[in-house]
Amino acid sequence: MNNMWRSVARYARQRLVQIDPLDLDTILHLWYIRLLALTKLGLHQLASAEFEKLGDLNRPEFTAEYHSQLYPGRTGTLIPFELWVLWACLPAWLKYPLMSLERITMLAVFCKKMQFKDKEKATMWKKREMQVYLVLSTQLMEMNDFSTAASTMEMVLNNFATSEDGKQNIDILSGLGRLYLQLGDYFSAEKLYKRIEDQESQDNDPSVKEAILTNKAFLFMADGEWSQAKRLLQQVYDANADNLLVVNNLAVCEVYLGQLSNAIDLLERLTKDNPTSAGTCETVLMNLCTLYELRYDSAVEMKIGVLKQVARWVGDSFHAECIKLQ
């Protein structure tokens, strides 16, 4: 939670040396924790080298059948699912995105096979398959292939996020709507957001109302209606001042309305009130420092002040370039 990934990596390594060699489950989970920490630190080459030490994750030594005396009656791989996902995503961080797409697709096929092979855990494997497709969508977006990402999200929505009564997952609908806005397809996004309103019209959950208002604001922003967007986002902000997404976009509205001072006040208040989340969020800090450059002659001194504030809370994976001091 505090992003102290160096300490996590060291701890996992120490535990790996001390652990009973026959406790394979714990050993593999510790490997996952160590490799995750290395990727969070941006040490992708080192993580890849340590993955090579594990060797082929499909080899017999990593199956329960191979260790039948230790795991009587258990079948299948001992590799934690999280480690498989990390293995699939790592090539993209090393600038080999196509290899990641191949591995993620193989992992989705594996999840589908397991639904038929392990009937007792079919629901779990179906959820995992959905998660893998969401990882695939994210990877496609990072490759700027928004069209294929949208098609994948549509498939997830229809095959995994729609209940028997026809109700669809609000988070998937919202995410797909934002993706269509990214593509410039205003009308498809509007249809999806209207679908959320129709199926959630009787819901009194504050988070649902918050999502509906935010989605409407995004439509206004895409249409250049900054005053209308600001009005809706202000309603959400008044109800939940800790919503990072809403405050950041409210600041964007203020900028386009020519109110730079209001935008700066919003982001400064957000970072000071939420020092461990918004106060170390690179996107928010970059926006704040950009506004300093636009508004003040003493921008460098103000950015140094931001850096001092961040230093008290930031963890090991923080990228200081967002302060824009160079």
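Anyway, here's the lowdown on the structure attached to this text. (Residues numbered from 1 in each chain as written. Predicted model: local features only at pLDDT ≥ 70, side-chain atom pairs only at ≥ 80, totals over all residues. Heavy atoms only, no water.)

**Some remarks on unusual backbone geometry**
- Here the phi dihedral of K95 falls at roughly 70°; this positive angle occurs in a residue that is not glycine.
- With respect to the helices and strands, the residue K95 is situated in the loop between α4 (81-93) and α5 (97-117).
- One non-glycine residue, N144, adopts positive backbone phi at about 65°.
- Along the chain, N144 turns up in the loop between α6 (122-142) and α7 (146-159).
- Exposure remark for N144: the relative accessible area of 58% places this residue in the exposed category. (Helix = DSSP H or I, 4+ residues; strand = E, 2+ residues; numbered from the N terminus. Buried < 20%, exposed > 50% of the residue type's maximum accessible area, 1.4 Å probe, protein only.)

**What about helix α15 (residues 299-311)?**
- The end-to-end C-alpha separation of α15 is 18 Å, in line with the 18 Å expected for 13 residues at 1.5 Å each.
- Of the positions making up α15, those classed as buried are A299, K303, V306, Q309 and V310. Buried residues of α15 fall within an arc of 110° about the axis and therefore sit on the same side. Exposed positions of α15 whose direction lies more than 90 degrees from the buried face are E301, K308 and A311. (Expected span 1.5 Å × (residues − 1). Arc of directions from axis to C-beta.)

**Here we look at the environment of Q18**
- Position of Q18 among the secondary structure elements: in helix α1 (residues 5-18).
- Along the sequence, Q18 and E120 sit 102 residues apart, while their C-alpha atoms lie 35 Å from each other.

**Focus: the packing of helix α11 (residues 226-239) against helix α12 (residues 244-256)**
- Where α11 meets α12, the axes come as close as 9 Å, and the angle between the chain directions of the two elements is 150°. It follows that α11 is roughly antiparallel to α12 by the angle criterion. Relative to α12, α11 is oriented so that their crossing is left-handed. Counting all contacts with α11, which are made through W226, A229, K230, L233, Q234, V236 and Y237, the residues of α12 involved are V246, V247, N249, L250, V252, C253, E254 and Y256.
- Tallied by class, residues from the contact of α11 with α12 come to 11 nonpolar, two polar and two charged. (Axes fitted to C-alpha atoms, helices over the stretch in contact; angles between N-to-C directions. Parallel < 35°, antiparallel > 145°, perpendicular 65-115°, else oblique. Left-handed = near helix turned anticlockwise from the far one by under 90°. Contact = heavy atoms within 4.5 Å. Nonpolar A, V, L, I, M, F, W, Y, C, P; charged D, E, K, R; others polar.)

**Describing a nonpolar patch on the surface**
- A surface patch of nonpolar side chains, amounting to about 300 Å² of accessible area, comprises V300, I304, L307 and L325.
- Within the element layout of this structure, L325 appears in the segment after α15. (Patch = residues over 30% accessible without salt bridge, like charges linked within 9 Å, V, L, I, M, F, W, Y side chains within 5 Å. Areas by Shrake-Rupley, 256 points an atom, 1.4 Å probe, with all protein chains shown as cover. Salt bridge = Lys/Arg side-chain N within 4 Å of Asp/Glu carboxyl O.)

**What to know about the side chain of E50**
- Looking at the secondary structure, you find E50 in helix α3 (residues 44-54).
- The class for E50 is buried, based on a relative accessible area of 4%.
- At 2.9 Å, the side chain of E50 forms a polar contact with the side chain of R34.
- Residues contacting E50, with those up to four places away along its chain left out, are W31, R34, L35 and L38. (Polar contact = N/O pair within 3.5 Å; in protein donor to acceptor, adjacent residues only side chain to side chain.)

**Digging into the pattern of salt bridges**
- Taken as a whole and judged by the stated rule, the model has nine salt bridges.
- The salt bridge involving R74 is made with D25; its shortest N-O contact spans 3.0 Å. Of the two residues, R74 sits in the loop between α3 and α4 while D25 sits in helix α2 (residues 24-40), which places them 49 residues apart along the sequence.
- R74 sits in the partly exposed class, given a relative accessible area of 32%.

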